[in-house]
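# Residue-level structure breakdown
Residue strings, one per chain:
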Amino acid sequence: MFINFWYPVATSEDINNDKPYRVQILGLKFVAFRDEDGIAHVLSDVCIHRGGALGKGWVKNNTVVCPYHGWRFAGNGRCTTIPTISKDDKPPARAKVDSYPVQEKYGIVFAFLGDLPEEERPPLREIEEYEQEGWRANQLVVFEVNAFYERSIENGLDPSHNEFVHPAQGSPVMDSEVLTKPLDIEDLPWGSQFLVNFYNPAYGSKTFETNEQMSHHVTAGSGHIGPNAMITWIKLSKDNTFHQYFFEAPIDENHTRIFFLSMRTFMLEPEMDERLTKISLVIAKEDIDILEDLTPVCTPTSSTKEVLVASDQAVIRYREYLREWEERGWRIDMETLRTTSNNIGYAIPSPNRRSSGNWVLDPVPTLPVGV
Ligand code: FES
Ligand SMILES: [Fe+2]
């Protein structure tokens, strides 16, 4: 799990200016709330007075109020009110919690969980066709799986599981000649992607010699941006296309919350939404049944503990990116986090830590670089 990427925190509807929303991501707790202008804020959940859970408090006058002794924290993380100090005194400078950059898009509140300045941040995966003419989005679906998020992203980057895990999809199946060659992977600034042609036996030849065959071939593929955002493209025919977006929030190593948005260029009637969502969830369930029983739970740290083949190429490229980000010092040291968090309060460092010091909580431990 990595700091310095955008993570989905909640749906827009989950966050209001009455009750704070408490959520766990990357093994740590966060609190989200809205101010009276409707702006969503995401803060570290740990009150720096004596460790109360801010997410169990309430929202008042644009602040989140700690339920333990009533200290209040604004959207920028600063403590604005301490009930037990004199009216003439200001809260001490150390009375601040980490506050994270937020973007609210596609009905999702995303937080940048890291301390990079704005110009250095990896981007949020955009959905360019969102609300564009000729496209329709299904309703946003959020579901939790008992699996490690990297296993889930890898599953999306693996074209060879489809005909085994999703037999009910029937044709098209992937051309076995294509499957035995390394996938043609295209690198992106913060990820990679691939597209492949699938053979649709219903329409005869797999070499697409005629226009009729060509018009029925299926192009599909997937890609990732960062460790936790995945997109699948399915071009069923010239006019029928799905773009499916998966924004994944690792809760811990064993649990992942997935925000799923599917865009389509056909069956645009709103009443088709429910039917298509149901089909997507049936397919997702087929994946989840596999993912929840993978051994080990996390991806093996050594390539000697698996046997990879050409069709795993996109998975291999994804792991290379993860290693690059680990080399930047962004991979959380889960072992240390697990074994010390009974005694130490941690937070993901926020951008404010670059300009001010003296923070109460320790920065989350990350794996050393260059070992
Ligand atoms: S622990 Fe939050 S106000 Fe005391
Ligand atoms: Fe699948």
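Keep in mind that this is a model prediction, so the values were computed, not measured.

Rules behind the numbers
Residues numbered from 1 in each chain as written. Chains lettered and ligands numbered in written order. Predicted model: local features only at pLDDT ≥ 70, side-chain atom pairs only at ≥ 80, totals over all residues. Helix = DSSP H or I, 4+ residues; strand = E, 2+ residues; numbered from the N terminus. Contact = placed C-beta atoms within 7 Å. Core = buried A, V, L, I, M, F, W, Y, C linked by C-beta atoms within 7 Å. Buried ≥ 20, exposed ≤ 12 C-beta atoms within 10 Å, placed from the backbone. Domains from an automatic or database assignment. Pairing = 2+ DSSP bridges. Axes fitted to C-alpha atoms, helices over the stretch in contact; angles between N-to-C directions. Nonpolar A, V, L, I, M, F, W, Y, C, P; charged D, E, K, R; others polar.

Along the polypeptide, Pro363 turns up in strand β22 (residues 362-363). Note: C-alpha distance between Pro363 and Ser350 (13 residues apart in sequence) is 9.1 Å. Those residues in contact with Pro363, other than ones at most four positions away along the chain, are Ala347 and Pro349.

Glancing now at the nonpolar core. Within the largest apolar cluster, 73 residues are counted, with the highest numbers of intra-cluster contacts made by Tyr7, Val9, Ile25, Phe30, Ala32 and Leu113. Looking at which element gives the most residues to this core, the answer is strand β11 (residues 108-113), with six residues. Taken domain by domain, the makeup of this core includes at least three residues from each of domain 1 (5-120) and domain 2 (136-323). Those residues within four positions of Ile25 in sequence are excluded, and the remaining contacts are Tyr7, Val9, Phe30, Leu113, Ala249, Pro250 and Ile251.

Pairing in this open sheet of three strands is antiparallel, and the strands run β1-β11-β10 from one edge to the other. For this open sheet the edge positions go to β1 (5-11) and β10 (102-105), each flanked by a neighbour on one side alone. Adjacent strand axes in the sheet meet at a mean angle of 30° when their direction is disregarded. Pairing between β10 and β11: four bridges, direction antiparallel.

Within helix α1 (residues 149-156), seven of the eight residues are buried, leaving the element largely enclosed by the surrounding structure. All of the buried residues along α1 are Tyr149, Glu150, Ser152, Ile153, Glu154, Asn155 and Gly156.

The subject of this paragraph is the domain arrangement of the protein. We note that the domain assignment places domain 1 (5-120) and domain 2 (136-323) within the protein. Taken over C-alpha atoms, the centre of domain 1 sits 35 Å from the centre of domain 2. Opposite the eleven residues of domain 1 that make contact, domain 2 presents twelve residues. Counting only elements with at least two residues in the side of domain 1 that touches domain 2, the list comes to β1 and β2 (21-25). Ranked by residue count, the leading element in the side of domain 1 that touches domain 2 is β1, at four residues. Residue classes in the side of domain 1 that touches domain 2 are distributed as seven nonpolar, four polar and no charged.

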